[in-house]
Amino acid sequence: LLLLLEATLLWLGSGFHPPFYNGFYYNRIMNDKGNGQEKVVYFNGDSLVVETPKDPIYSSNGANVTLPCYYHYEREMEGKRKIRIKWSKLRDDYTKEEDVLVAIGKTTMAFGDFRGRAHLRQSGQREASLVVSDVRLRDDGKYRCEVIDGLEDGNNVVDLRLKGVVFPYQPPRGQYRLNFHEAERVCQEQGAILATFNQLFQAWTEGLDWCNAGWLADGTVQYPIRLPRKPCGGLHLAPGIRSYGPRDRHLHRFDAFCFSSTLRGEVFYLDRPDGMTLEEAKQSCQDAGAEIARVGHLYSAWKFQGLDRCDAGWLADGSVRYPIAKPRANCGPTEPGVRTFGFPSKGRFGVFCYKER
């Protein structure tokens, strides 16, 4: 053992060391000719550069959108392999990716909800842009474009944002009754999804002020305040998004912040001289070749179609609401918005119907 240790020290002291390369050392890699011979490649840094827009790409529900992605080489390398392209959707915390599409040469494959909706646009040289058709609410988010050429690998991110509206939602049984999974479900029932933090923040910049805390898509509980006041975090806090942080998705109960985008159809109002019960309202919409509108439909029509009606009407969840784009006397507060009468157990009102185009 002593002799072995002495020999090792002498070898280290002799000044002989295997060569060191400032980069990656690749060995035992099959060459492109497929003859089984080994080759050694010394790689001194990335030369494949992937470029995507720095600014967000905006789209809307039901539209088609292209996420641009191009690549080039800082130093041309010999013997390029067949290009591989991968698109994936990122979570807000970057901890997990959802496969969207992979391509090798002319062979492509889309995954999950993107099957039949996603394909590559390669109209230009060294382009790897992703085209998504029939955009859906859940498509909102960040996408990674990755290009692989043999040992070279480059990637970059595109931010896709849907034009939409965030609205707070309480179920008929009252405030703070929803765990996270129930909040997801009620938003879906209203033609919407749970809002992300970015969507809530955008709504706050546009004037949303709501003192009740609600679930967001990442499992956190937050609420937007434009006018600080004592019951909403106190007068000493500046305007902003108040956060309770992550909460137990099964045990803790709050309201929900839902997100809806532009409509594929139209919302219209029906009424009778003596009004309608909820069941009569549903039937009236069916008789008109439509369905009773959901809360998300009404908010979207108010936001994007300028729906303005000072008459209260039933919605699918049993609530009674009306949209005001141009505030005026006897139509509620001085700000635009969707007014609510809550969930009346009885009463006769008009109805808001929704019909797909």
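Analysis parameters
Residues numbered from 1 in each chain as written. Predicted model: local features only at pLDDT ≥ 70, side-chain atom pairs only at ≥ 80, totals over all residues. Heavy atoms only, no water. Pairing = 2+ DSSP bridges. Helix = DSSP H or I, 4+ residues; strand = E, 2+ residues; numbered from the N terminus. Axes fitted to C-alpha atoms, helices over the stretch in contact; angles between N-to-C directions. Salt bridge = Lys/Arg side-chain N within 4 Å of Asp/Glu carboxyl O. Phe/Tyr/Trp six-rings, centres within 6.5 Å; stacked < 30°, edge-to-face > 60°. Buried < 20%, exposed > 50% of the residue type's maximum accessible area, 1.4 Å probe, protein only. Lys NZ or Arg CZ within 6 Å of the ring centre and 35° of its normal.

Novice: Describe the sheet that holds strand S5 (residues 65-67), listing the residues and the values that go with them.
Specialist: Ordered by their spatial adjacency, 3 strands build an open sheet running S5-S11-S10, and the pairing between neighbours is antiparallel. Each end of this open sheet is capped by a strand with a single partner; those strands are S5 and strand S10 (118-121). If you compare each strand with its neighbour and ignore which way they point, the axes differ by 30 degrees on average. Across 4 bridges, S10 lies against strand S11 (residues 129-132) in antiparallel orientation. By the bridge assignment, Ala118 is partnered in S11 with Val132.

Novice: Help me get a handle on the pattern of salt bridges, residues and values and all.
Specialist: If you walk through the whole model with that rule in mind, you get 20 salt bridges. The partner of Glu97 in a salt bridge is Arg144, and the shortest N-O contact between them spans 3.0 Å. Taken together, the positions of Glu97 in strand S8 (residues 97-104) and Arg144 in strand S12 (residues 141-149) put the pair 47 residues apart, joining distant regions of the chain. Arg173 serves as the salt-bridge partner of Glu182, at 3.9 Å between the closest nitrogen and oxygen. The network of salt bridges with shared partners includes Asp113, Arg117, Asp134, Arg136, Asp139 and Arg264.

Novice: Tell me what's going on with the packing of aromatic side chains, and back it up with residues and numbers.
Specialist: Overall, the coordinates contain 15 aromatic pairs when judged by the stated rule. Each ring, one from Tyr322 and one from Phe341, has its centre 5.8 Å from the other, and the planes form 75 degrees; the classification is edge-to-face. Placement of Tyr322 in strand S23 (residues 320-324) and of Phe341 in the loop between strand S24 (337-340) and strand S25 (350-356) is noted, with a sequence separation of 19 residues between them. Owing to a relative accessible area of 7%, Tyr322 belongs among the buried residues under this scheme. One cation-aromatic arrangement involves Arg226 over Trp204; the distance from NZ or CZ to the ring centre is 5.6 Å. Looking at Arg249, its charged tip hangs above the ring of Phe180, at a distance of 4.3 Å from the centre.

The analysis is restricted to geometry; functional conclusions fall outside its scope.
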